[in-house]
Amino acid sequence: SGMATAYDGLGRKPDAIEFYTLALLLDRKQAVPLTKRAWSYLLHGTKLAKTDFEEAVKANPNNPDTLIGLAYACSQLDQFEEAQKYVGQSLSLAREQAKDPKVGAQAWVLFHNAATVYAQIYDRLRTNEKITTEQKDQLGFAFKCKKVRSIIIKFTKQFCLITIKIFTNPLTSVSKVSSF
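Criteria and cut-off values
- Residues numbered from 1 in each chain as written.
- Predicted model: local features only at pLDDT ≥ 70, side-chain atom pairs only at ≥ 80, totals over all residues.
- Heavy atoms only, no water.
- Helix = DSSP H or I, 4+ residues; strand = E, 2+ residues; numbered from the N terminus.
- Buried < 20%, exposed > 50% of the residue type's maximum accessible area, 1.4 Å probe, protein only.
- Polar contact = N/O pair within 3.5 Å; in protein donor to acceptor, adjacent residues only side chain to side chain.
- Contact = heavy atoms within 4.5 Å.
- Axes fitted to C-alpha atoms, helices over the stretch in contact; angles between N-to-C directions.
- Parallel < 35°, antiparallel > 145°, perpendicular 65-115°, else oblique.
- Left-handed = near helix turned anticlockwise from the far one by under 90°.
- Expected span 1.5 Å × (residues − 1).

Draft legend 1. Local environment of the side chain of Thr-66. Note that Thr-66 resides in helix α5 (residues 64-76). On the basis of relative accessible area, Thr-66 is assigned to the buried category, the value being 0%. A distance of 2.8 Å separates polar atoms of two side chains, one belonging to Thr-66 and the other to Thr-35. Ignoring any residue separated from it by four or fewer positions in sequence, one finds Thr-66 in contact with Thr-35, Phe-53, Ala-56 and Val-57.

Here is the structure:
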C-alpha cells in the first residue's frame with residue numbers, strides 16, 4: 001500500500017490503482033486501500049468507485065471518510081437519496097469523533113467534506129435534465145437551506161468549543177494545535 005500512496009501523491013492515478021489492487025490481493029477486506037482506490041477511481045470510473053466504497057463500508061462501517069466517498073459517488077451517479085443517507089451517516093460518526101479529545105479540532109475536515117458533498121448534490125440537482133423545475137426547486141431548497149447551513153452551523157459551534165478548550169488549557173492541547 002506504500003507504493004500506491006506514493007504514486008497517488010505523485011498524481012499517477014493508474015499506477016496507484018494498480019498498487020492498491022495488489023495490496024488488496026493479500027486481504028480483500030482492508031478498508032484503507034479500498035477507500036483510497038475508490039477515491040482514485042472517482043477520477044476515472046464512478047461505478048467502480050462506488051463498488052469499492054461499498055466494500056470498504058462493509059469492512060469498516062465506522063469510517064466517515066469512506067461514507068463521504070460513497071455519498072459523493074452516489075451523487076455523481078444521480079442517486080441523490082442514497083447520497084443523502086450516506087452523508088447523514090458520516091455526519092453522525094463525525095459528531096462522535098469530534099467529541100473524542102484525541103481527534104478534537106482535526107474532525108473539522110469531516111464536517112467540511114459533508115458540506116461539500118451536499119453542495120455538489122445541490123449543484124447536480126440544478127443541472128439534472130431528468131428532474132422537473134418544481135422538483136429542482138423543492139429538492140434544491142431543502143439541500144441548500146437545511147443541510148449545508150446546518151452542517152456549517154454545527155461545525156462552527158464544534159470548532160469554537162474546541163478552540164475555547166485549547167486556549168483555556170494550552171498545556172494539554174499543544175499537540176492538537178501543532179497537528180491541526
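Draft legend 2. The packing of helix α2 (residues 13-26) against helix α3 (residues 31-41), seen in detail. Their axes nearest at 9 Å, the elements α2 and α3 cross at an angle of 155°. One way to sum up the angle between α2 and α3 is to call them roughly antiparallel. α2 and α3 meet at a crossing whose hand is left-handed. Facing α2, whose interface residues are Lys-13, Ile-17, Tyr-20, Thr-21 and Leu-24, α3 presents Pro-33, Leu-34, Lys-36, Arg-37, Ser-40 and Tyr-41.

Draft legend 3. Structural view of the packing of helix α4 (residues 46-59) against α5. The N-to-C vectors of α4 and α5 enclose an angle of 150°; their axes lie 9 Å apart at closest approach. Compared by their axis directions, α4 and α5 come out roughly antiparallel. The handedness of the crossing between α4 and α5 is left-handed. Along its contact with α4, which presents Thr-46, Lys-50, Phe-53, Glu-54, Ala-56 and Val-57, the element α5 presents Thr-66, Leu-67, Gly-69, Leu-70, Ala-73, Cys-74 and Gln-76.

Draft legend 4. Structural context of α5. The terminal C-alpha atoms of α5, which comprises 13 residues, lie 18 Å apart, in line with the 18 Å expected from a rise of 1.5 Å per residue. With eleven of 13 residues buried, α5 is to be regarded as a mostly interior element. Every buried residue of α5 is accounted for by Pro-64, Thr-66, Leu-67, Ile-68, Gly-69, Leu-70, Ala-71, Tyr-72, Ala-73, Cys-74 and Ser-75. Against α3, α4, α6 (80-99) and α7 (108-127) lie the buried residues of α5. Near the N-terminus of α5, the side chain that reaches the backbone nitrogen of Asp-65, with its oxygen 2.9 Å away, is that of Asn-63.

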